[in-house]
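Below are the chains, spelled out letter by letter.
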Amino acid sequence: MTIFVGLDWGGSSHAVCIVDAAGKILDHFTVAHDRDGLADLLARLRRYGPPGEMSVAIERPSGLLVDVLVEAGFVVTPIHPNVVKACRSRYRAVAAKSDPGDAYILADILRTDGHRLIPLRPQSDAIKALRALVRGRDDLVASKVVLANQLRALLDSFWPGPAGLFADIASPIALAFIQRYPTPESASRLAEKRMAAFLAQNQYCGRRSVADVLGRLRSAPSPTAAEAEADAKGELVRAIAGTLEGLVAQIAKLSSRIEHAVAQLPEGRIVMSFPRAGKICAAQITAELGDVRTRFQSEDHLAAEAGVAPVTYQSGKSRGVGWRWACNKRLRAAITCFADNSRHASPWAAKIYQDARRRGCRHPHAVRILARAWLRILWRAWQDGMPYDPQKHPAARALLASG
């Protein structure tokens, strides 16, 4: 590469700096984040050579701007914002941030240290679609948790009975009950016959009898809110429950589509072959891994990206091991969820977890240790394109043979 481009991404505009192999600034400009601005960006970059011979540095690995550059044939190299922050003092005495300055820093880092950085490899359309579905579902699940906690807190403030009536306050039967009986007054005439009809209508599958369910509702603390306050909070309860009901239904639809999509991908079937990986968790892992086998240089690189490899601090006689903050947090959540589930189906995984607990590790730490062990196997299966086979796993096979 003889031409290096630094692009400081912004919400409405982007600062661009172009330098040559000697570090001389060839151009410095700003483009708007719209159709004409992006077209102007591509046209001005092409003046300095073919896209395949030009490398572009940017602080984010995804987004519309990145997709436009990749589709145009440019070599895009993501650089972590922490790297740019640490390098600002190399170029000025005052480490103040400016968009044009950061664009120049990005271009110069790419010029001097580009051999240390990994260019972005575009994922397939199927992986991009799965990633969009998975991440969107995760965000909706987070919103569901927020609304469920808000609903529970509101009920506890004036009528705590419905909050503990069913196992999950966000379940369809719980939301149906809350919308039908949002206040103590609305449920005051609720008898066993009417409760039995409600449970049958909503396909109640719990182990409690109708009398037990009704007794649980009546044994809750007595409401103290006056009529006007109870009516007002009842309206809020019905509004939150209705919003939550629609959200739960959409999450269920997305989950069904994700389960179908991950089963169609070769990478998805590899992850699903691991014990207790499931479909949703396997989809989360597959979406973050992608289908570019050269994306991670080694299993250690993958473990660091997944946040299950600790960071070692060492200077002289001082040495410490700490939590890895810089990582793909979505991948860490997915891989640790899988590891925690796997110990209930794999004796090998259970032994690693139990050994870590005996050494004094707390549950989250032991799960990360297990996740690190699984990543060694997942890395090999992902590279070879082969599903997991316990008979080809020497440690698992030896453990099974020993009984």
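Residues numbered from 1 in each chain as written. Predicted model: local features only at pLDDT ≥ 70, side-chain atom pairs only at ≥ 80, totals over all residues. Heavy atoms only, no water.

Pairs of packed helices are described in terms of their axes, by the angle between the two and the distance that separates them. The interhelical angle for the contact between helix H1 (residues 35–46) and helix H2 (residues 64–71), taken along N-to-C directions, is 40 degrees, at an axis separation of 11 Å. As judged from the angle between their axes, H1 and H2 are oblique. Along this stretch, H1 crosses H2, giving a crossing that reads as right-handed. In this structure, H1 contributes Leu38, Leu41, Leu42 and Leu45 to the contact, and H2 contributes Leu65, Val68 and Leu69. Residue composition of the contact of H1 with H2, grouped by class: seven nonpolar, no polar and no charged. (Axes fitted to C-alpha atoms, helices over the stretch in contact; angles between N-to-C directions. Helix = DSSP H or I, 4+ residues; strand = E, 2+ residues; numbered from the N terminus. Parallel < 35°, antiparallel > 145°, perpendicular 65-115°, else oblique. Left-handed = near helix turned anticlockwise from the far one by under 90°. Contact = heavy atoms within 4.5 Å. Nonpolar A, V, L, I, M, F, W, Y, C, P; charged D, E, K, R; others polar.)

The next point concerns empty space enclosed by the protein. Within the structure shown, the criterion is met by one cavity of 30 Å³ or more. A volume near 40 Å³ is recorded for the largest cavity. When contributions to the lining of the largest cavity are tallied by element, the ones reaching two or more residues are helix H5 (125–158), helix H11 (280–289) and helix H13 (329–342). When residues in the lining of the largest cavity are grouped by element, the largest group, three residues, is from H5. (1 Å grid on protein atoms, 1.4 Å probe; cavity = no way out; pocket = protein on both sides within 12 Å on 5 of 7 lines; lining within 4 Å. Points joined across faces, edges and corners; volume = space filled by probe spheres on them.)

Following the criterion strictly, the structure yields 15 aromatic pairs and no others. Both rings, one in Trp374 and one in Tyr388, keep their centres 5.5 Å apart while their planes meet at 80 degrees; by these two values the pair is edge-to-face. One end of the pair, Trp374, is in helix H15 (residues 363–384); the other, Tyr388, is in the loop between H15 and helix H16 (394–401), and 14 residues separate them in sequence. Like Tyr388, Trp374 is buried. A network of ring pairs unites the aromatic residues Phe166, Phe177, Tyr181, Phe198 and Tyr204 as a single cluster. (Phe/Tyr/Trp six-rings, centres within 6.5 Å; stacked < 30°, edge-to-face > 60°. Buried < 20%, exposed > 50% of the residue type's maximum accessible area, 1.4 Å probe, protein only.)

Before going further, it helps to spend a moment on the pairing of strand S1 (residues 3–8). Along S1, six of the six residues are buried, which leaves the element largely enclosed by surrounding structure. Neither face of S1 is exposed, since Ile3, Val5 and Leu7 on one face and Phe4, Gly6 and Asp8 on the opposite face are all buried. Two elements, S1 and strand S2 (residues 13–20), share six bridges in a ladder whose sense is antiparallel. Within S2, the position partnered with Leu7 by the bridge is Val16. Once S1 ends, the chain turns through four residues before running back antiparallel as S2. Note that S1 and strand S4 (residues 54–58) share five bridges and pair parallel. Among the inter-strand pairings, Gly6 is bridged to a residue of S4, identified as Ala57. (Pairing = 2+ DSSP bridges.)

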